[in-house]
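Here's the letter readout for the chains.
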Amino acid sequence: MNTVLVSLLVNSGILLALGAALYAAPSPLLNPHAVPFGVRVPPDKADAPEVSEQRRRYRALLLPATLIVTVAALAIGAVLDSVAVGGVAAVVLCAIAATLWLSAHRALARAKERGNWYENVRQGVVMDTSLRTDPVRLPWAWTIPSFVVIVVTAVAGAIVYPRLPEMLALPERSSSGTVYREITTTFWTAYSLVFAQILLTAAVIGTVAAVLRARADLDVSRPRSSAVRHRRYLSLTARSLLGVAALLNLMLLGLSGMMWSDSRSGAVLTLVIGVPTLAALAVSVPLVRMGPGGSRLALESGDGSGGTGGSGGSDEGTGLVPRDDDRHWYGAGTVYVNADDPAVLVPRRVGIGWTVNVGNPRFLIISAAVLAIAAGATVVSVTVR
């Protein structure tokens, strides 16, 4: 296939998909409903005219910007015959979206202050102590597929290792497409992707364990039903993450097989990477459908919370609204800094999932340890080469 056509298809695919994701970013489906553009507002103000206006403005400006950047990237990519142009254009498009997001954030913060939106409301916080005394358990059974794939990869490596050539070809992405970097065959290089499997699995298990202990973002107006929903959300999220880890380990198994067999087939490489990646995306879809913090999860009957909406008599409304904590959030609601908060992980304000409390001393210690390990691994890798 003509390389210019490939570059055009790749660049347009990257930018259009990214543009669609950024266009949908302000949607309540992808962000907590009462935190539009990272600004905490009372629930009854979540759909206020000021909020709707900022969403319309963001999208009205982002859409033509996406088209302009895409057309420019396609033209430049055709001239230079390089897919790298798509990456540069993607960065530009993200920068434009971030600028528009910050503008909307500031406009809503001013509107909230001018309108005294929190003047006549009762603010409060709620916590479920049973999440500490009886936490959601890590589903160890869901780690078995990852461990099985790792064992299969290690055994296969042990079988083929004595017959490996002196040099191994490792596929890498470059501006001109997939290239193969040759490395000297040693135990460490031959088993490099096995070690990657082990590190990946350990990282995902650690992440799941941390998420299960993260601070819950419960609905202060209906604490009982939201606590039940949060438990179910944690359980489903843990299983999804461990399922994704197994699929990524399967991809690394395929890449190990290609490296050991010295296969350089583009079709096989696409299959090895594409199938597990698509499967991982399919597994991740339910996480998006559940909404931020599992807000769209339906509660099962008999859970003691009054049915699917949590509106039964056993979960009377408290009349409270979430506390205005904007002072702890920076970067248009993307960075949380609170040294007085013992939680390391807190629910995100922008997007789905969790973010770190940058002001927590434990996070700083963990970050320093990770950087030290990464630096040590880099030194070892360079020495081995």
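What counts and what doesn't
- Residues numbered from 1 in each chain as written.
- Predicted model: local features only at pLDDT ≥ 70, side-chain atom pairs only at ≥ 80, totals over all residues.
- Heavy atoms only, no water.
- Helix = DSSP H or I, 4+ residues; strand = E, 2+ residues; numbered from the N terminus.
- Buried < 20%, exposed > 50% of the residue type's maximum accessible area, 1.4 Å probe, protein only.
- Contact = heavy atoms within 4.5 Å.
- Areas by Shrake-Rupley, 256 points an atom, 1.4 Å probe, with all protein chains shown as cover.
- Polar contact = N/O pair within 3.5 Å; in protein donor to acceptor, adjacent residues only side chain to side chain.
- Expected span 1.5 Å × (residues − 1).
- Arc of directions from axis to C-beta.
- Salt bridge = Lys/Arg side-chain N within 4 Å of Asp/Glu carboxyl O.
- Core = buried A, V, L, I, M, F, W, Y, C linked by side-chain atoms within 4.5 Å.
- Patch = residues over 30% accessible without salt bridge, like charges linked within 9 Å, V, L, I, M, F, W, Y side chains within 5 Å.

Draft legend 1. Expanded view of the overall build of the chain. Within the chain one finds 10 helices and 8 strands. Out of the 385 residues belonging to the chain, those deemed buried represent 39%. Considering only contacts in the chain between residues 6 or more positions apart, those separated by 24 or more positions represent 71%. Looking at the chain as shown, the accessible area adds up to about 20400 Å², and 67% of this sits on carbon and sulfur atoms.

Draft legend 2. Summary view of the side chain of Asp 128. One can find Asp 128 in the loop between strand S1 (122-124) and helix H4 (130-133). Side chain to side chain, Asp 128 and Ser 130 meet in a polar contact 2.6 Å long. The contacts of Asp 128, once residues within four sequence positions are left out, are Leu 218, Ala 227 and Arg 231.

Draft legend 3. Highlighting helix H8 (residues 223-261). Here H8 spans 57 Å end to end across 39 residues, near enough to the 57 Å set by a 1.5 Å rise per residue. Just beyond H8, the residue with positive phi is Asp 262, at close to 60 degrees.

Draft legend 4. Molecular detail of helix H5 (residues 144-160). In a regular helix each residue adds 1.5 Å, so 17 residues correspond to 24 Å; H5 covers 24 Å between its end C-alpha atoms and thus fits that length. Along H5, the residues that are buried comprise Ser 146, Val 149, Ile 150, Thr 153 and Gly 157. Down the axis of H5, the smallest arc covering the buried residues is 100 degrees, so these residues share one side. For H5, the secondary structure elements touched by its buried residues are helix H7 (192-212) and H8.

Draft legend 5. Up close: unusual backbone geometry. Positive phi values are uncommon outside glycine, yet Asn 116 reaches one of about 50 degrees. One can find Asn 116 in the loop between helix H3 (84-115) and S1. The class of Asn 116 is partly exposed, set by a relative accessible area of 43%.

Draft legend 6. Main features of the pattern of salt bridges. The final tally for this structure, using the stated rule, is 8 salt bridges. Where Arg 349 meets Asp 325, a salt bridge forms, and the shortest distance between an N and an O atom there is 2.3 Å. Of this pair, Arg 349 sits in the loop between strand S7 (345-347) and strand S8 (354-356) while Asp 325 sits in the loop between strand S4 (320-322) and strand S5 (329-330); the two residues are 24 residues apart in sequence, bridging distant segments of the chain. Considered together, Arg 349 and Asp 325 belong to a single accessibility category, that of buried residues. Because the salt bridges share partners, they merge into one network encompassing Arg 40, Lys 112, Asp 324, Asp 325, Asp 326 and Arg 349.

Draft legend 7. Summary view of the nonpolar core. Counting 26 residues, the largest nonpolar core has Leu 22, Phe 37, Tyr 58, Leu 62 and Trp 101 as the members making the most contacts within it. The set of elements that each furnish at least two residues to this core consists of helix H1 (3-24), helix H2 (49-80) and H3. Take this core: its biggest share by element is 10 residues, from H3. Residue contacts for Trp 101: discarding those within four places in its chain leaves Ala 25, Pro 26, Asn 31, Phe 37, Gly 38, Tyr 58, Ala 332 and Val 350. In this structure, Leu 212, Ala 238, Leu 287 and Trp 354 belong to the second largest nonpolar core, which totals 18 residues.

Draft legend 8. Local environment of a nonpolar patch on the surface. A cluster of nonpolar side chains, Tyr 330, Val 335, Val 337 and Val 358, forms an exposed patch at the surface whose accessible area comes to about 290 Å². With respect to the helices, strands and loops of the structure, Tyr 330 is situated in strand S5.

So far we have only geometry, and geometry alone does not tell us how the molecule works.
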